[in-house]
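# An overview of the molecular structure
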There are 2 protein chains.
Amino acid sequence: MAMRLSTLFLRTLREDPADAELPGHKLLVRAGYVRRAAPGVYTWLPLGLKVLRKVETVVREEMDAIGGQELSFPALLPRDPYEATNRWTEYGPNLFRLQDRKGVDMLLGPTHEEMFTLAVKDMFSSYKELPLTLYQIQTKYRDEARPRAGLLRGREFIMKDSYSFDVEDAGLEAAYQRHREAYVRIFDRLGFDYVIVYADSGAMGGSASEEFLAVSPVGEDTFVRCAASGYAANVEAVVVPQAPPVPADVVAATPAAHVEDTPDSPTIETLVAQSDALHPRTDGRAWTAADTLKNVVVLLTYPDGSTEPLAVGLPGDRGVDAKRLEAQVAPATWAPFEEKDFAAYPMLVKGYIGPGTLGTGSSSGIRYLLDPSVAEGSAWVTGADEHGKHVYDLVLGRDFTADGTIQAAEIHEGDPSPDGAGTLTLARGIEMGHIFQLGRKYAEALDLRVLDEHGKLVTVTMGSYGVGVSRAVAAVAEATHDDVGLCWPRALAPADVHVVATGKDQAVFEHAEGLVAELEAAGLEVVYDDRPKVSPGVKFKDAELLGVPTIVVVGRGLADGTVEVKDRRSGERREVAVERAVGEIVADVRGAHLTGAPVVAHPPA
Amino acid sequence: MAMRLSTLFLRTLREDPADAELPGHKLLVRAGYVRRAAPGVYTWLPLGLKVLRKVETVVREEMDAIGGQELSFPALLPRDPYEATNRWTEYGPNLFRLQDRKGVDMLLGPTHEEMFTLAVKDMFSSYKELPLTLYQIQTKYRDEARPRAGLLRGREFIMKDSYSFDVEDAGLEAAYQRHREAYVRIFDRLGFDYVIVYADSGAMGGSASEEFLAVSPVGEDTFVRCAASGYAANVEAVVVPQAPPVPADVVAATPAAHVEDTPDSPTIETLVAQSDALHPRTDGRAWTAADTLKNVVVLLTYPDGSTEPLAVGLPGDRGVDAKRLEAQVAPATWAPFEEKDFAAYPMLVKGYIGPGTLGTGSSSGIRYLLDPSVAEGSAWVTGADEHGKHVYDLVLGRDFTADGTIQAAEIHEGDPSPDGAGTLTLARGIEMGHIFQLGRKYAEALDLRVLDEHGKLVTVTMGSYGVGVSRAVAAVAEATHDDVGLCWPRALAPADVHVVATGKDQAVFEHAEGLVAELEAAGLEVVYDDRPKVSPGVKFKDAELLGVPTIVVVGRGLADGTVEVKDRRSGERREVAVERAVGEIVADVRGAHLTGAPVVAHPPA
């Protein structure tokens with residue numbers, strides 16, 4: 001039945017809502033698709049629910065097509081399984097914990113690895129029953145610190161999560177590939193720009209991992225691409241290669257390290273600015289920030305509340321990337337060193353911290369990790385651990401050492417691609433899907449073993465695969481809207497056609513009724529603006545705002561035997577003779593369904 | 001695609017699970033439909049999820065057919081709206097409460113009156129936008145004290161809840177009727193015995209209210225029926241009429257009240273047993289329990305934790321009905337008076353409590369309510385507030401008074417129907433649906449007002465209507481199973497046909513494959529037992545256990561050109577020629593779909 005605007009539970013807003021940040025989110029609220037119930041918690045109004053269900057259907061069909069079996073775990077879960085994997089603690093404040101009336105600890109599931117693992121352990125016991133892929137489309141909970149951007153990072157949200165179970169690593173690899181292909185079909189069908197990037201598997205453990213990102217300037221994820229090779233990776237996953245050691249003869253020719261006065265130079269900028277005058281380079285080149293070694297000390301906080309400082313050494317021309325560092329230290333979180341932290345480590349001279357006071361063997365005992373671009377044998381200008389002084393020609397391996405390396409420096413546009421094939425460009429995206437080879441971590445923690453063909457118990461290897469179903473609605477809104485409203489891809493639109501009847505002429509409304517009935521008889525879904533006392537201007541504005549792909553206006557043209565058919569996205573409009581209208585509209589809708597929207601190329605895995 | 005038992009995520013159990021109480025629940029676990037994740041919290045395995053989705057679809061279709069608009073509220077909700085209606089407190093320990101990382105109070109929604117009311121307040125503002133019916137099919141949470149009987153009373157469960165919004169009372173009445181008719185269609189379609197009974201609206205407030213009960217001996221609800229009039233009511237909703245006053249001449253002839261020694265008679269039985277000997281009646285009739293007035297004192301606990309004793313006076317031939325009393329005192333709960341309570345009220349002599357120490361004006365100050373069968377002017381034997389003594393010929397209105405009446409006495413088989421038309425029979429049922437006229441309680445608490453045709457703000461009147469979607473699966477299992485397994489009505493079965501291939505003959509499996517493909521091509525859903533090394537006996541047992549309505553066995557008969565078609569419920573089996581099998585099976589399935597299962601008559605509202 002057509003959704004009639006005279007009765008639909010809908011109120012469109014002309015003003016942006018106060019509680020929305022991003023343009024797509026503002027439009028979703030203004031167009032009456034969602035409403036905020038609490039921070040990060042949303043109500044799906046009728047139009048929004050239609051879009052959500054379409055995402056669910058596409059995801060379900062493609063999961064079924066690769067042999068996935070759907071089941072549904074509860075959201076309210078017991079503590080024990082999450083204790084066994086240590087996630088009860090590791091999740092920290094992101095986990096919604098509660099107690100029942102008997103004081104028993106429970107949680108709201110943030111993800112269900114534990115439950116799937118235990119279900120398979122409960123039901124299956126032989127290699128003959130594998131491989132197995134299970135999935136659910138279900139509500140999840142994470143108590144995000146900053147539930148920004150509405151549905152993009154909600155505290156209650158809907159995910160499709162699936163898990164594969166195999167005995168052999170090759171089986172996991174195959175299950176991963178099947179999911180990858182299913183995800184390509186899912187995101188192709190949804191019909192908007194996306195890219196597949198190598199991903200950091202972060203706190204989940206595991207190895208191979210890729211993300212499907214909706215390309216959008218408001219995305220929270222930064223990714224890199226190399227046009228030459230097709231390489232694409234989430235910025236957290238970029239692995240900067242270890243710089244090769246400096247040749248021994250070059251190191252031998254490097255002067256001994258020497259401490260120099262560098263008054264008032266607590267930053268790289270102030271240091272570089274005065275170095276040419278105070279201590280000119282012997283090779284005649286000017287000093288640059290890239291010649292300096294910056295040492296950044298941060299405070300890590302572990303899920304159990306304990307803390308530890310960590311020092312990161314990296315070339316002075318780039319900063320620490322917050323998300324790359326976050327990915328490296330997970331499940332710990334990090335924060336900049338504050339005055340009270342400096343007070344606890346008086347050997348650290350703020351602005352002049354050098355390798356001399358860093359490292360587990362040093363006076364501070366602070367773990368010290370270097371960016372891999374810092375080569376063995378390379379010489380640096382860096383802090384001398386004394387106010388107003390820096391040390392020059394300090395050589396890694398000769399004059400200082402560190403405890404290891406860390407992938408935490410910023411990636412810059414133009415940096416070489418890690419595969420050596422060209423240079424990187426940077427862009428932003430919204431994570432829509434994530435696939436990864438989890439391996440045996442959960443199976444080991446929860447003792448999921450099956451008998452192999454020799455009657456021996458072997459630990460099962462698992463893959464974990466997620467699609468953000470509610471997030472997809474928001475991501476598509478961000479990726480496809482324009483200035484005046486939403487612009488749904490056909491596959492996700494709440495309806496195929498939005499019929500607008502304008503004016504006061506009873507004949508217009510009667511004709512529009514007939515048209516709606518014929519379109520529905522042809523199998524199309526219709527929004528019908530049948531409001532009797534609303535001006536054409538308001539109706540047109542609402543139609544643009546709602547974003548149904550095809551808008552049909554029945555109005556003054558009817559006297560000449562035509563209706564107007566408008567493509568919401570391109571803005572193209574044409575007059576169509578009333579007797580041909582249904583046929584042409586159906587052809588428009590079906591044609592678009594067949595071809596889909598253009599999709600960016602994605603590299604093979 | 002057929003569900004193949006060789007790969008389906010299923011393990012059937014021969015033994016009853018330890019964590020299930022009721023026969024239908026045991027079978028749901030044994031047949032691999034559900035598994036317990038925590039007390040009152042269940043995982044839906046593939047077969048169970050199929051059944052659940054079928055209930056959802058039927059409910060959704062019938063709600064859409066009466067113009068209901070679907071939306072979806074979150075389960076994680078803010079405290080404020082529930083504070084405004086006082087339910088944050090009234091729900092007591094049944095409410096799952098939690099705090100987010102900032103210490104903000106939240107709850108898991110037990111029901112969504114507040115959220116629907118606020119949504120309408122947010123979106124609509126004029127009588128022209130009403131009437132309106134909104135609904136959702138959504139996961140709800142209640143921290144039940146005794147999550148018994150698995151899915152029947154879970155702590156996480158799925159409900160369809162809908163709400164109607166009207167300006168006029170007549171509109172609410174019409175919305176209620178539309179829902180009643182939709183519910184009749186829903187439960188007719190589900191295809192099992194149910195009855196519609198008058199219900200107590202309990203803690204929800206409101207007025208007219210009916211329940212749809214699945215008739216089952218394991219039901220938690222007791223209901224009464226009057227065959228003569230068609231009257232049917234939940235036992236909590238039975239309103240016993242007030243007994244007419246005793247004629248004045250009879251009262252005048254009643255002797256003055258007199259206290260008698262009744263040693264060792266702390267119970268009605270011991271009192272009646274000795275009364276004939278000690279104090280024979282003047283009319284020559286023997287004393288019976290019905291001549292005594294029993295005074296039961298209980299302790300009420302309010303949601304805010306405060307307590308109050310309450311005395312109930314009722315004829316000694318019946319007890320207090322726990323659920324009727326519970327319904328009357330809600331949102332308070334009640335418990336029997338304990339020793340410590342008696343210690344706090346020393347004027348109450350246990351076993352000999354009489355009206356003399358009861359009532360708000362008495363020495364105890366305890367509120368005292370009488371069963372309506374206790375007539376003004378009637379004479380009673382009752383406690384004399386002294387150990388071993390009772391008072392005889394104590395007349396209501398002459399010798400004692402009470403603070404009011406209460407509908408809390410047991411209803412007995414054979415009691416007169418409240419409508420005067422006949423006598424009552426008692427039976428048990430499982431609540432599947434509940435409809436009621438909520439009125440303006442929530443709209444007033446949350447200030448939901450709209451402009452009427454005169455431009456005046458008027459408070460909206462609401463109806464509230466629920467179907468237990470996950471409970472329906474369990475209720476149908478309880479109402480339809482037999483000794484060897486589940487017996488699904490066609491509309492709810494996880495598949496239409498269960499094809500069993502037996503033996504080791506490759507030709508049998510090939511033929512079965514072909515049959516499955518043809519049945520699927522005809523639009524049927526099929527479970528196919530293609531397990532190669534499982535004995536026919538095990539396969540037959542599993543087929544009975546799973547409860548798909550039609551079982552087709554491809555096996556030895558194939559040599560004679562036949563397959564066996566068996567009706568799971570009736571046990572009827574017949575040999576069908578292979579060339580006619582598909583046609584006959586499809587006819588069986590479609591025929592049964594058309595006629596549905598027999599349904600008991602239900603009275604008009």
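Residues numbered from 1 in each chain as written. Chains lettered and ligands numbered in written order. Predicted model: local features only at pLDDT ≥ 70, side-chain atom pairs only at ≥ 80, totals over all residues. Heavy atoms only, no water.

Looking up chain A in an unreviewed UniProt entry gives the name Proline--tRNA ligase, with the organism given as Ornithinimicrobium cerasi. Of chain A, the UniProt comment under Subunit (unreviewed entry) reads exactly: "Homodimer." Recorded in UniProt under Catalytic activity (unreviewed entry), the annotation for chain A is "tRNA(Pro) + L-proline + ATP = L-prolyl-tRNA(Pro) + AMP + diphosphate". (UniProt positions renumbered as here; feature names shortened; annotations may be inferred.)

### Here's the deal with the environment of Pro494(A)
Structurally, Pro494(A) is set in the loop between helix 12 (469–480) and strand 26 (497–501). Not counting chain neighbours up to four residues away, the residues in contact with Pro494(A) comprise Met3(A), Tyr33(A), Leu47(A), Lys50(A), Val51(A), Lys54(A), Trp488(A), Glu525(A) and Val548(A). (Helix = DSSP H or I, 4+ residues; strand = E, 2+ residues; numbered from the N terminus. Contact = heavy atoms within 4.5 Å.)

### Focus on the domain arrangement of chain A
If you check the domain split of chain A, you get domain 1 (16–192 + 439–480), domain 2 (248–405) and domain 3 (497–595). Measuring from the centre of the C-alpha atoms in domain 1 of chain A to the corresponding centre in domain 2 of chain A gives 41 Å. (Domains from an automatic or database assignment.)

### Here's the deal with the relation of the copies chain B and chain A
Superposing the two chain copies requires a rotation about an axis and a translation along that axis. The operation relating chain B to chain A is a screw motion whose rotation component is 180 degrees, with 0.0 Å of axial translation and a residual RMSD of 0.1 Å. Interpreted geometrically, this transformation is the action of a two-fold axis. The rotation axis passes nearest to the C-alpha of Leu98(B) in chain B, at a distance of 2.7 Å. Mapped onto chain A, 100% of the interface residues of chain B again fall at the interface, so both copies present the same surface. (Least-squares fit on C-alpha atoms with pLDDT ≥ 70 in both.)

### Some points on the pairing of strand 8 (residues 132–141) of chain A
All names here are of chain A. Within strand 8, nine of the 10 residues are buried, which leaves it mostly tucked inside the rest of the structure. Of the pairings in the sheet, the one linking strand 4 (residues 69–70) to strand 8 comprises two bridges and is parallel in character. Along strand 8, the bridge assignment pairs Glu70 with Tyr135. (Buried < 20%, exposed > 50% of the residue type's maximum accessible area, 1.4 Å probe, protein only. Pairing = 2+ DSSP bridges.)

### Digging into the side chain of Glu211(B)
Residues and elements named next belong to chain B. Its location among the elements puts Glu211 in strand 11 (residues 209–215). Look at Glu211: it is buried, it has no salt bridge, and the nearest opposite charge is Arg471 at 7.6 Å. Those residues in contact with Glu211, other than ones at most four positions away along the chain, are Val195, Ile196, Val197, Ala199, Asp221, Asn234, Glu431, Gly433 and His434. (Lys, Arg positive; Asp, Glu negative; His and termini not counted. Salt bridge = Lys/Arg side-chain N within 4 Å of Asp/Glu carboxyl O.)

### Re the interface of chain B and chain A
On the side of chain A, 52 residues touch chain B, which itself brings 52 residues to the contact. Summed over both sides, the interface of chain B with chain A buries roughly 4600 Å², with 61% coming from carbon and sulfur. Its largest share of buried area at the contact with chain A, chain B owes to Phe9(B), Arg101(B) and Met123(B), together 19% of the area lost on that side. Here Glu70(A) ties to Arg53(B) by a salt bridge, and the two come within 3.2 Å at their closest N and O atoms. Put simply, chain B and chain A have 24 residue pairs in polar contact (both at pLDDT 80 or more) between them. (Buried area = accessible area lost by both parts, 1.4 Å probe. Polar contact = N/O pair within 3.5 Å; in protein donor to acceptor, adjacent residues only side chain to side chain.)

### Re the nonpolar core
Among the nonpolar cores identified, the biggest contains 82 residues, and Phe9(A), Phe165(A), Phe9(B) and Phe165(B) are the most heavily contacted of them. Ignoring any residue separated from it by four or fewer positions in sequence, one finds Phe9(A) in contact with Leu45(A), Pro46(A), Gln69(B), Leu71(B), Ala119(B), Val120(B), Met123(B), Phe124(B), Leu132(B) and Leu134(B). (Core = buried A, V, L, I, M, F, W, Y, C linked by side-chain atoms within 4.5 Å.)

### Some words on the sheet that holds strand 20 (residues 389–395) of chain B
All names here are of chain B. The strand order 14-20-19 describes an open sheet built from three strands, whose pairing is antiparallel. This sheet does not close on itself; its edge strands, each paired only once, are strand 14 (258–261) and strand 19 (379–386). Geometrically, the sheet is characterised by an average inter-axis angle of 30 degrees between neighbouring strands, direction not taken into account. Examined bridge by bridge, strand 19 and strand 20 share five bridges and lie antiparallel to one another. Residue pairing across strands places Gly383 opposite His390, the latter belonging to strand 20. (Axes fitted to C-alpha atoms, helices over the stretch in contact; angles between N-to-C directions.)

### Examining the packing of aromatic side chains
One pass over the structure, following the stated rule, counts 28 aromatic pairs over all chains. With 5.5 Å between their ring centres and 40 degrees between their planes, Tyr33(A) and Trp488(A) make a pair best called tilted. Remark: Trp488(A) occurs in the loop between helix 12 and strand 26 and Tyr33(A) occurs in the loop between helix 1 (23–30) and strand 2 (34–38); sequence separation between them is 455 residues. The exposure classification of Tyr33(A) matches that of Trp488(A), with both residues buried. Here Arg97(A) stacks its cationic end above the ring of Trp88(A), 5.1 Å away from the centre of that ring. Positioned over the ring face of Trp287(B) is Arg281(B), at 4.8 Å from the centre of the ring. (Phe/Tyr/Trp six-rings, centres within 6.5 Å; stacked < 30°, edge-to-face > 60°. Lys NZ or Arg CZ within 6 Å of the ring centre and 35° of its normal.)

### Concerning the environment of Pro241(B)
Residue and element names in this part refer to chain B. The residue Pro241 is located in the loop between strand 13 (232–234) and helix 7 (248–253) in this model. Note: C-alpha distance between Pro241 and Gly420 (179 residues apart in sequence) is 9.5 Å. Not counting chain neighbours up to four residues away, the residues in contact with Pro241 comprise Pro372 and Pro418.

### Re the pattern of salt bridges
For side chains of opposite charge, pairing can occur when their charged atoms come near one another. Residue and element names in this part refer to chain A. Applying the stated criterion to the full structure yields 91 salt bridges over all chains. Salt-bridge contacts for Glu70 lead to Arg60; the nearest nitrogen and oxygen are separated by 2.9 Å. Of this pair, Glu70 sits in strand 4 while Arg60 sits in helix 2 (residues 46–65), placing them 10 residues apart in sequence. Via salt bridges that share partners, Arg14, Asp529, Arg531 and Asp542 belong to a single interconnected network.

### So, empty space enclosed by the protein
Residues and elements named next belong to chain A. What the rule picks out here adds up to one cavity of 30 Å³ or more. By volume, the largest cavity amounts to about 60 Å³. Residue lining of the largest cavity: Leu152, Arg153, Glu220, Asp221, Gly429, Ile430, Glu431 and Arg471, and that is the complete set. Looking at the lining of the largest cavity, the element that brings in the most residues is strand 22 (residues 424–439), giving three residues. The class makeup of the residues in the lining of the largest cavity is two nonpolar, one polar and five charged. (1 Å grid on protein atoms, 1.4 Å probe; cavity = no way out; pocket = protein on both sides within 12 Å on 5 of 7 lines; lining within 4 Å. Points joined across faces, edges and corners; volume = space filled by probe spheres on them. Nonpolar A, V, L, I, M, F, W, Y, C, P; charged D, E, K, R; others polar.)

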